[in-house]
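Geometric and topological summary
These are the residues of each chain, in order.
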Amino acid sequence: MTTTIDVSRSARLRSQVNRTGRVLRIVLRTTAVNIRGRLEYPGDFAFEIFFGILWQTSTLAFAAVLLTRFDGLGDFPNGGVLLIVGMRLMSHGLFTMVFGNLSDQLLELVEEGRVEGFFLRPMSVLTQILISRFNINALGDFFVGVTVCAAAVTQAPVHWDTGAVLYLGAAIIGGVFLEAAVQLPLAALLLRSPFAHGVGKWIDDIMATIGNYPLSILPLFLRGAFTFVLPLAFVAYFPVLVLLDREPGHGPMALLAQWSPAVCVVLFLLAKRLWNWNLAHYRSNGG
């Protein structure tokens, strides 16, 4: 009996691995086709990247002024502030590359009735939405983030050993999942009401603005709101506190700060469950 169960589990595991591999190959091929299609118009391709960089001009100006005129912001050294800015921009650029269609493309897909066709294909609806278009301008956001983050690494009072570098990478990836965790419930609502698109843009603007500053400069109630309501603190603020060795010494907040990347992933998984539940109750515009 035990041998039969083990063989059955092994077969299911192999089947899951094979299915995941097929989906990954389809995603990579589709993305490559999307990029090749955009490269048919090289001028437009280059302009979108340039526009992504231009869009972050204010961020670059803020970083330049901080480096040349001030020693920091609040109780944060300028290197720490730049690290927050760079990490958030890198996370946002990667989020836009992978999950950007949740806010940029989904409304058009719903209004044109194209989402219904996704239910007929042997691939998850979410995956099809994510690969329906590649956001070129995200490369500009990511490039600015890398530039600011590189400057921050030389300025921040952090001992960059292997553990710190790995934690930095995990925090950047965690920021991607956190933004997706925020946008997924709004995307689920967008399947039912176009109003959610405006809410998503508003929240994106808040994250782009407040996310560039250490939350310690805000009043206590706003710090709580950006930790437990709109969990912006987990994108870069908490991870930078850990890297600077300034996180609370003990208690729940210390654990939340230290395990920020894991918290981001957990929030994403919860948001994905809400998306799946809403998708199961989706009704098309035609009834």
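Provided above is the structure to which this section pertains.
Overview of the structure.

Each value, and the rule that gives it
Residues numbered from 1 in each chain as written. Predicted model: local features only at pLDDT ≥ 70, side-chain atom pairs only at ≥ 80, totals over all residues. Heavy atoms only, no water. Phe/Tyr/Trp six-rings, centres within 6.5 Å; stacked < 30°, edge-to-face > 60°. Buried < 20%, exposed > 50% of the residue type's maximum accessible area, 1.4 Å probe, protein only. Core = buried A, V, L, I, M, F, W, Y, C linked by side-chain atoms within 4.5 Å. Helix = DSSP H or I, 4+ residues; strand = E, 2+ residues; numbered from the N terminus. Contact = heavy atoms within 4.5 Å. Axes fitted to C-alpha atoms, helices over the stretch in contact; angles between N-to-C directions. Parallel < 35°, antiparallel > 145°, perpendicular 65-115°, else oblique. Left-handed = near helix turned anticlockwise from the far one by under 90°. Patch = residues over 30% accessible without salt bridge, like charges linked within 9 Å, V, L, I, M, F, W, Y side chains within 5 Å. Areas by Shrake-Rupley, 256 points an atom, 1.4 Å probe, with all protein chains shown as cover. Salt bridge = Lys/Arg side-chain N within 4 Å of Asp/Glu carboxyl O.

Evaluated as defined, the whole model comprises 6 aromatic pairs. Taking the centre distance of 5.7 Å and the plane angle of 35° together, the rings of tyrosine 237 and phenylalanine 238 count as tilted. We note that tyrosine 237, like phenylalanine 238, is buried. Taken together, Phe76, Phe234, Tyr237 and Phe238 form an aromatic cluster joined through their ring pairs.

It is worth spelling out the nonpolar core at this point. Among the nonpolar cores identified, the biggest contains 45 residues, and Phe76, Leu83, Met87, Met207 and Tyr237 are the most heavily contacted of them. Of all the secondary structure elements, the ones that give two or more residues to this core are helix H4 (78-99), helix H9 (137-155), helix H10 (162-190), helix H11 (195-210), helix H13 (237-243) and helix H15 (260-280). Once residues lying within four places of it in the same chain are set aside, the contact partners of tyrosine 237 are Phe76, Ile84, Pro214, Leu215 and Ser216. Core analysis: the next-biggest nonpolar cluster, separate from the first, contains 27 residues, Leu107, Ala180, Leu191 and Trp275 among them.

In this section: the packing of H10 against H11. One can describe the packing of H10 onto H11 by two numbers: an axis separation of 8 Å at closest approach and a directional angle of 165°. One element, H10, and the other, H11, form an angle in the roughly antiparallel class. The handedness of the crossing between H10 and H11 comes out as right-handed. The segment H10 lies against H11, with Leu178, Glu179, Val182, Gln183, Leu186, Leu189 and Leu190 engaging Ala196, His197, Val199, Gly200, Ile203, Asp204 and Met207.

A surface patch of nonpolar side chains, amounting to about 330 Å² of accessible area, comprises Phe228, Val229 and Met253. By secondary structure assignment, the location of valine 229 is in helix H12 (residues 220-229). The exposure class of valine 229 is exposed, given its relative accessible area of 69%.

Below, the discussion takes up the side chain of threonine 227. Considering the arrangement of structural elements, one finds threonine 227 in helix H12. Residue class for threonine 227 comes out buried when judged on its relative accessible area of 8%. Not counting residues within four places of it along the chain, the set of residues in contact with threonine 227 comprises Ala233, Phe234, Phe238 and Met253.

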